[in-house]
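This is what each chain is made of:
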Amino acid sequence: MTILTGFPLKLLEQSVTERLAYFENYTVAHPRLKEVYETLVRTIAEPAGASFIFVYGPSGIGKTTLRLRVEQKLTELALPKLESDRGCVPVVGVEAVAPESRNFNWKDYYTRALIALEEPLIDHKFNYGVRGIYRDIFGKINVESKVVAPALRRALENALSYRHPDVFFIDEAQHFGKMASGHKLQDQLDCLKSVANMTGILHCLLGTYELLTFRNLSGQLSRRSVDIHFRRYCADTAEDVQAFKSVLLTFQQQMPLADPPDLVTHWEYFYERTLGCVGILKNWLTRALKDALDREATTVTLKDLQKRAWSVAQCQRMFKEIQEGERQLSETETDVQHLRSALGLGAKTIAQPEEAPKKTLPQGKVGKRNPKRDPIGVNQDVS
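The following paragraphs examine the structure supplied in this document. None of the values given here were measured: they were computed from a predicted structure. (Residues numbered from 1 in each chain as written. Predicted model: local features only at pLDDT ≥ 70, side-chain atom pairs only at ≥ 80, totals over all residues. Heavy atoms only, no water.)

Across its full length, the protein chain holds 14 helices and seven strands. Here the protein chain, with 383 residues, has 44% of them falling under the buried criterion. In the protein chain, the share of contacts with a sequence separation of at least 24, taken over all contacts with a separation of at least 6, comes to 76%. Of the roughly 20,800 Å² of accessible surface on the protein chain, 51% is carried by carbon and sulfur atoms. (Helix = DSSP H or I, 4+ residues; strand = E, 2+ residues; numbered from the N terminus. Buried < 20%, exposed > 50% of the residue type's maximum accessible area, 1.4 Å probe, protein only. Contact = heavy atoms within 4.5 Å. Areas by Shrake-Rupley, 256 points an atom, 1.4 Å probe, with all protein chains shown as cover.)

Rendered as structure tokens:
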């Protein structure tokens, strides 16, 4: 069966760098991404008193892709406002960098956040009012090493108040939990809460399930925060399996190769080594594609994919973390009963709205596949 392509055919005449860049920049608007995207955009539009949004999910689920899409949408929505307020920055994104030592580096974080708030128009630059923070002749911000973290925080608060973005994104936010013994986790979050309170700017923290450590540190924080779970696709649900196959089909059609590979037939292998995470899948396919392009091959073979796949040990460790994170974010009937008992409501449960039953797949071992080590080519049937 001939497999259709979705990329511009002229790409086949381009260099390896251009072909690889095309695939790297391509993203799939799959159901799980769209669901979380719509929830996040609605929450930012009406936070209803929340100061924080927590977006949790497995490593490699696509949280950075989510953030970039939301940033693009918010920027588009803010265009009319930018015409009258050129100093405004509609959305800001920064990554919380993992510390080299045992402590999270707040000085580095504040510096990166200040730089992220910059924009190219010299006539709309902002004076941060802190000695040691200045601009060079090109208008680029400079921070002297002698400037201490509290001064940088005040500068950031001033900048956020002036730029007034709709939301301040912090990617890889689980790194805030890195600290030496003796320091309280509550202190870490209090620093962020102080900035959010002083500026009135909504903060969105995106991270792995390690970020759950921050969850419910206090009743006040719980009241002022919104949780969004970016879930993976599960192999025991028919809808999830179909969505995962659709993602594979889209990726195989977008790989700029003369003979696009048939990935869908081997969906169980891809699921097994990605645990249902689209971000992991995309990175894996990108590495395999580069190997094929470097040797001027017309397609990606199973050998290319096996060489770049996660090991079983890596998958097992990652899956253990995912299971624990999913468990913490789930609510069981026992949890409900404990809450009702503590409130003096007794064991009677409140009837919940009925949901349509989910289609389930016959139980089978994920990863059980044809061990034949042949190229993943166009002569195989697409399931």
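From this point, the discussion proceeds with the structure in view.
Scanning the model with the defined rule gives 16 salt bridges in all. A salt bridge links Lys193 to Asp190, with the nearest nitrogen and oxygen atoms 3.6 Å apart. With Lys193 and Asp190 both in helix H7 (residues 185-199), this residue pair falls three residues apart, about one helical turn. By relative accessible area, which is 18% here, Lys193 ends up buried. (Salt bridge = Lys/Arg side-chain N within 4 Å of Asp/Glu carboxyl O.)

This next bit is on the state of the cysteines. Joining two cysteines, a disulfide is a covalent bond between their sulfur atoms. Considering all chains together, one arrives at zero disulfides under this definition. We note that Cys234 lacks a disulfide partner, and the nearest cysteine sulfur, in Cys277, lies 9.6 Å from it. Overall, the relative accessible area of 22% leaves Cys234 in the partly exposed class. Left unpaired, Cys315 is separated from the closest cysteine sulfur, that of Cys277, by 9.9 Å. (Disulfide = S-S within 2.5 Å.)

Between its first and last C-alpha atoms helix H3 (residues 63-77) spans 21 Å; for 15 residues at 1.5 Å apiece the expected length is 21 Å, and the two agree. Those residues of H3 that sit buried are Lys63, Leu66, Arg67, Val70, Glu71 and Leu74. Buried residues of H3 fall within an arc of 135 degrees about the axis and therefore sit on the same side. The inward-facing, buried residues of H3 abut helix H2 (31-45), strand S1 (52-56), strand S2 (91-95), strand S5 (167-171) and strand S6 (203-207). (Expected span 1.5 Å × (residues − 1). Arc of directions from axis to C-beta.)

This paragraph deals with the sheet that holds S1. Spatial strand order, S2-S5-S6-S1-S7: five strands in an open sheet with parallel pairing. With partners counted over all chains shown, the strands left at the sheet margins are S2 and strand S7 (225-229), one partner each. Taken pair by pair, the neighbouring strands of this sheet meet at an average axis angle of 15 degrees, ignoring direction. Alignment of S1 against S7, held across five bridges, turns out to be parallel. Within S7, the residue paired with Ile53 across the bridge is Val226. (Pairing = 2+ DSSP bridges. Axes fitted to C-alpha atoms, helices over the stretch in contact; angles between N-to-C directions.)

Here we come to the layout of surface pockets. Looking at the largest pocket, its volume works out to about 500 Å³. Contributing to the lining of the largest pocket are 25 residues, with Gly62, Thr64, Thr65, Gly279 and Asn283 lying nearest its centre. Among the elements of the structure, H3 and helix H11 (278-294) are those that each provide at least two residues to the lining of the largest pocket. In terms of residue count, H3 provides more of the lining of the largest pocket than any other element does, six residues in total. (1 Å grid on protein atoms, 1.4 Å probe; cavity = no way out; pocket = protein on both sides within 12 Å on 5 of 7 lines; lining within 4 Å. Points joined across faces, edges and corners; volume = space filled by probe spheres on them.)

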